[in-house]
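The chain contents come next:
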Amino acid sequence: VFRACDLDSDGYLSRAEMRKFAMLSGFEGEDEEWNQEFQALLSLQNCLGCPGLDLPALGRLVDDDSDNGCYCTDEDLREMLLGLNPDFNELPPGLSSTAAPRAASTS
């Protein structure tokens, strides 16, 4: 999921790249609301001053079931990946949704 969102392959999900993830996870707000939400995400993930969220930060976000997180099951992440890449039909070789660490399953 991270790589599918990271369109410029810089290792960070920018405001625009992260918005795709947010919309797939249910965010429906307008631009101004997303700008505020993205800044809050950067702050909560200790990424202020970064160009966006990196893979470890996204992993923490999808593992966090508190009000500050965006908990996603492996199945949720698979569905998001389908939304980002309709040609996706299985995990890449070597990754198993039950055996892979959560951070790896966000890729």
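Note that this is a predicted model, so its numbers are computed, not measured.

Participant: Describe the overall build of the chain, and please don't skip the residues or the numbers.
Facilitator: Of regular secondary structure, the chain possesses six helices and zero strands. Put simply, the chain runs from its N terminus to its C terminus through helices and strands in the order α-α-α-α-α-α. Taking all 107 residues of the chain together, the buried fraction comes to 34%. Sequence-distant contacts, at least 24 apart, represent 50% of the contacts inside the chain between residues at least 6 apart. Carbon and sulfur atoms form 49% of the exposed surface of the chain, whose accessible area is close to 6200 Å².

Participant: Any chance you could break down the nonpolar core for me, citing the residues and the numbers?
Facilitator: As a rule of thumb, nonpolar side chains are buried together in soluble globular proteins. Membership of the largest hydrophobic core comes to 22 residues, with the highest contact counts inside it found for Met 18, Phe 21 and Leu 58. Taken together, the elements giving at least two residues each to this core come down to helix H1 (2-5), helix H2 (15-24), helix H3 (31-44), helix H4 (55-63) and helix H5 (74-84). The residues contacting Phe 21, other than those within four sequence positions of it, are Val 1, Cys 5, Leu 58, Leu 61, Val 62, Cys 70, Cys 72, Leu 77 and Met 80.

Participant: Quick rundown of the layout of surface pockets? Include the residues and the values.
Facilitator: Each pocket or cavity is described by its volume, and for the largest pocket that value is around 230 Å³. Along the wall of the largest pocket there are 16 residues; nearest its centre are Ser 25, Glu 37, Leu 41, Gly 69 and Cys 70. Going through the elements one at a time, H2 and H3 are the ones with two or more residues in the lining of the largest pocket. Sorting elements by how many residues they give to the lining of the largest pocket places H3 first, with five residues. For the lining of the largest pocket, the residue count by class is ten nonpolar, four polar and two charged.

Participant: Give me the lowdown on the side chain of Gln 45, citing residues and values where you can.
Facilitator: Relative to the assigned elements, Gln 45 resides in the loop between H3 and H4. Residue Gln 45 is classed as buried on the basis of its relative accessible area of 7%. Here Arg 60 takes part through its side chain, which lies 3.0 Å from a polar atom of the side chain of Gln 45. If we ignore the near neighbours within four places in the chain, the residues touching Gln 45 are Leu 53, Ala 57, Arg 60 and Leu 61.

The rules behind each value
- Residues numbered from 1 in each chain as written.
- Predicted model: local features only at pLDDT ≥ 70, side-chain atom pairs only at ≥ 80, totals over all residues.
- Heavy atoms only, no water.
- Helix = DSSP H or I, 4+ residues; strand = E, 2+ residues; numbered from the N terminus.
- Buried < 20%, exposed > 50% of the residue type's maximum accessible area, 1.4 Å probe, protein only.
- Contact = heavy atoms within 4.5 Å.
- Areas by Shrake-Rupley, 256 points an atom, 1.4 Å probe, with all protein chains shown as cover.
- Core = buried A, V, L, I, M, F, W, Y, C linked by side-chain atoms within 4.5 Å.
- 1 Å grid on protein atoms, 1.4 Å probe; cavity = no way out; pocket = protein on both sides within 12 Å on 5 of 7 lines; lining within 4 Å.
- Points joined across faces, edges and corners; volume = space filled by probe spheres on them.
- Nonpolar A, V, L, I, M, F, W, Y, C, P; charged D, E, K, R; others polar.
- Polar contact = N/O pair within 3.5 Å; in protein donor to acceptor, adjacent residues only side chain to side chain.

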